[in-house]
Amino acid sequence: MMKRRTALAALAAVPAAISLPTFAQSATKIVFGYTAVTDFASVFVAAENGYFQKRQLDVELKFIPINSTIPAAVQAGSLQIGGPTPSVFLQSVDGGLDHVVVAGGGVTSKTITGFGLVAKAGSGIRTAKDCVGKKIGVPGLGAFLHVTFRGWLKTQGVDFKTVNFIEASFPQHGDLLRGGSVDAVVSADPFMSRITDSGIGYVASYYSTFLPENQPTIIHTARRDWVAQNAGAARAFREAVQEAAAFMQQPKNNDAVRAAIGKYIKLPPEVIAKIQVSPPGPVVTEKQLTYWVNLMNDQAMLKGTPDVARLIAK
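The rules behind each value
- Residues numbered from 1 in each chain as written.
- Predicted model: local features only at pLDDT ≥ 70, side-chain atom pairs only at ≥ 80, totals over all residues.
- Heavy atoms only, no water.
- Helix = DSSP H or I, 4+ residues; strand = E, 2+ residues; numbered from the N terminus.
- Expected span 1.5 Å × (residues − 1).
- Buried < 20%, exposed > 50% of the residue type's maximum accessible area, 1.4 Å probe, protein only.
- Arc of directions from axis to C-beta.
- Contact = heavy atoms within 4.5 Å.
- Pairing = 2+ DSSP bridges.
- Axes fitted to C-alpha atoms, helices over the stretch in contact; angles between N-to-C directions.
- Salt bridge = Lys/Arg side-chain N within 4 Å of Asp/Glu carboxyl O.
- Core = buried A, V, L, I, M, F, W, Y, C linked by side-chain atoms within 4.5 Å.

S.K.: Can you help me understand helix α13 (residues 286-298) in this one?
M.R.: Residues spaced three or four apart along an α-helix point in a common direction, a consequence of the helix completing one turn every 3.6 residues. For α13, with 13 residues, the first-to-last C-alpha span of 18 Å sits near the 18 Å given by 1.5 Å per residue. Gln288, Leu289, Trp292, Val293, Leu295 and Met296 are the residues of α13 that are buried. Axial view of α13: buried residues confined to an arc of 165 degrees, hence all on one face. Against the buried residues of α13 lie α5 (86-94), β4 (99-104), α6 (144-155) and β10 (219-223). Two residues or fewer after α13 comes Ala300, characterised by a positive phi angle close to 55 degrees.

S.K.: When you look at the sheet that holds strand β5 (residues 115-120) in this model, what are you seeing that I'm missing?
M.R.: Strand pairing in a sheet is mediated by backbone hydrogen bonds. Such pairs are either parallel or antiparallel. Strand order in the open sheet made by the five strands is β7-β6-β8-β5-β9, with mixed pairing throughout. Edge positions in the open sheet fall to β7 (164-167) and β9 (201-205), since each of these has one partner strand only. Each strand axis lies, on average, 35 degrees off the axis of its neighbour in the sheet, ignoring direction. Here two bridges tie strand β6 (residues 135-138) to strand β8 (residues 184-188), and the two strands are oriented parallel to one another. The residue bridging Gly137 from the neighbouring strand is Val185, located in β8.

S.K.: Could you clarify how one ought to interpret the pattern of salt bridges in this entry?
M.R.: Note that side chains of opposite charge can pair when their charged atoms are close. This structure, assessed with the given rule, holds 11 salt bridges. With its nearest N and O atoms 3.1 Å apart, the salt bridge here joins Glu60 to Lys29. Linking Glu60 in strand β2 (residues 57-63) with Lys29 in strand β1 (residues 28-34), this pair joins segments that are 31 residues apart in sequence. The residue Arg55 makes a salt bridge to Glu243 at a minimum N-O spacing of 2.9 Å.

S.K.: How should the nonpolar core be read in this particular structure?
M.R.: Where a protein is soluble and globular, its nonpolar side chains tend to be buried together. Ranked by size, the top nonpolar core spans 86 residues in total, and within it Phe149, Leu153 and Phe237 carry the most contacts. Judged by nonpolar contacts, the second largest core, of nine residues, contains Val118, Val185, Met192 and Ile195.

S.K.: What is the right way to read the pairing of β4 from this model?
M.R.: Along any regular strand, the residues point their side chains to alternate faces of the sheet. Where burial is concerned, most of β4 is hidden: six out of the six residues are buried. Sheet topology places β4 next to β10; five bridges connect them, and they run antiparallel. Within β10, the residue paired with Val100 across the bridge is Ala222.

By themselves, these figures tell us nothing about what the structure is for.
See below:
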């Protein structure tokens with residue numbers, strides 16, 4: 001009798017189970033590529049708080065060691081959306097990739113001293129002129145830190161072509177300094193703080209203070225054809241990041257924000273507790289992209305001047 005009742009109950013439940021679509025069946029799958037910096041905090045927060053899921057987005061966050069490789073991964077389809085720096089994005093577009101901006105990550109602020117020039121202990125590097133002839137590691141050739149550091153060198157009267165730049169991901173910076181493979185790195189927290197705390201190196205310059213306020217440090221981009229075919233999902237992704245940005249701006253949520261960052265960039269709470277978090281800028285404007293176009297043209301990084309109005313998904 002008990003077996004019969006159990007069987008009947010199971011059969012009765014089948015139609016209801018079949019009639020209800022599952023999240024996996026109805027959600028749009030997005031693989032999102034990020035690097036190990038706090039500028040992705042709004043995406044981390046959106047993932048942890050369910051902001052993507054409630055908009056029927058199944059977002060998988062995938063760590064990418066070098067920022068400059070993100071556009072190629074987006075083009076190949078291994079990522080649907082990725083977070084290159086503005087300079088990496090503009091160079092990829094200039095090179096022929098048809099990608100557009102879906103949303104924004106972090107933005108610059110003169111209150112942020114979370115990245116800078118970190119020199120090897122004993123190197124004697126203190127000024128821009130001391131960098132001439134030196135080997136300096138950057139976490140992506142043509143990426144945000146590389147381009148802005150070269151811009152700073154120019155403001156200090158130094159030709160950046162006299163500096164030898166080597167591409168190295170953030171986690172490598174400490175080992176490269178320790179081993180003497182580079183004389184300095186252009187790095188960011190939490191890796192910068194770990195280097196200085198260990199005595200391997202010291203901050204020679206918080207050069208970032210020369211940058212204007214509210215310029216995007218990371219932007220979230222996708223192929224134009226993917227956005228055209230998934231317009232609703234692209235808008236939903238931007239809305240989720242906007243909701244996360246609003247969450248981040250409430251001081252009471254500080255611990256939750258840092259916990260989300262720590263989870264995705266794999267650092268312990270005591271390290272995450274000390275780092276500065278870049279302000280969120282979920283919406284990218286034509287004016288912001290124009291700033292980057294001008295900065296890059298000043299360094300002869302682009303063959304032409306892109307139409308920034310066409311580069312932002314509506």
